[in-house]
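Okay, here's what each chain looks like letter by letter:
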Amino acid sequence: QVQLVESGGGLVQAGGSLRLSCAASVRTFGSYAMGWFRQAPGKEREFVAAISWNGGSIYYTESVKGRFTISGDNAKNTVYLQMNSLKPEDTAVYYCGRSYYSGTNIQNIRGYEIWGQGTQVTVSS
């Protein structure tokens, strides 16, 4: 059973940066697309960023383009989300997941079958 463990969340002031990590218990990135989603209190989980199995295709939700960067390291079985210029509206629990979809569909939450436990990101104004 594949397990995903997120880390790197925390409290940061607006304009600051955080790097989230998603470590897989077995080889995952390199075989499956991986994505980051977030869920704020009272809201549904929403797409943030995704990377295809070979890193060749990357997608971002509009609100994070130019500020967030998703990347993967096959050797470490880890996917990262570098978050810069953070805003209070980025506050949420961030989850990484593994998708069995491909192409542009890796942005679709329905394709995600395995999730981590989440890591809290809080951005103060």
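Visitor: Mind showing me how you'd approach the nonpolar core here?
Guide: Burial of nonpolar side chains together is a common tendency in soluble globular proteins. Ranked by internal contacts, the top residues of the largest apolar core, which has 27 residues, are Trp36, Leu81, Met83 and Tyr94. Considering each element in turn, this core owes the most residues, four residues, to strand 3 (residues 18–24). Contacts of leucine 81, omitting those with residues within four sequence positions, involve Leu18, Arg19, Leu20, Trp36, Val48, Ala49, Phe68, Thr69, Ile70 and Tyr94. Counting residues in each nonpolar core, the second largest holds seven residues, with Phe37, Ala50, Ile106 and Tyr112 among its members.

Visitor: Teacher, can you tell me more about the state of the cysteines here?
Guide: A disulfide bridge is the covalent bond that connects two cysteines by way of their sulfur atoms. Evaluated as defined, the whole model comprises one disulfide. Each sulfur of the disulfide joining cysteine 22 and cysteine 96 lies 2.0 Å from the other. Here the S-S torsion is close to 60°, and the disulfide linking cysteine 22 with cysteine 96 is therefore right-handed. Residue cysteine 22 is found in strand 3, and its partner cysteine 96 is found in strand 9 (residues 92–99); the two are separated by 74 residues along the sequence. Taking the relative accessible area as the measure of exposure, cysteine 22 reaches 1% and is therefore buried.

Visitor: I keep staring at the pairing of strand 1 (residues 4–7) and nothing clicks. Help me out?
Guide: Look at any regular strand and the pattern is simple: side chains alternate between the two faces of the sheet. Only one face of strand 1 is buried: it carries Leu4 and Glu6, and the other face, with Val5 and Ser7, is open. Judged from the four bridges that link them, strand 1 and strand 3 form a sheet pairing that is antiparallel. The residue of strand 3 that forms the bridge with leucine 4 is alanine 24.

The rules behind these values
- The numbers attached to residues start from 1 for each chain and follow its sequence in the written order.
- Under the rules for a predicted model, residues below a pLDDT of 70 receive no local features and side-chain atom pairs below 80 are neither given nor counted, while totals for whole chains, interfaces and linings still include all residues.
- Note that water and hydrogens are dropped before the side-chain values are worked out from all heavy atoms of the structure.
- Residues belong to a common nonpolar core when they are buried Ala, Val, Leu, Ile, Met, Phe, Trp, Tyr or Cys residues joined through side-chain atoms within 4.5 Å.
- Exposure classes here rest on a 1.4 Å probe applied to the protein chains alone. A residue is buried below 20% of its type maximum, exposed above 50%, and partly exposed in between.
- Helical segments are the DSSP runs of H or I of at least four residues, strand segments are the runs of E of at least two, and each set is numbered from the N terminus.
- Every residue pair with non-hydrogen atoms within 4.5 Å of one another is taken to be in contact.
- Throughout, a disulfide means two cysteine sulfur atoms within 2.5 Å of one another.
- In this scheme, strands are said to pair when DSSP sees at least two bridges between them.

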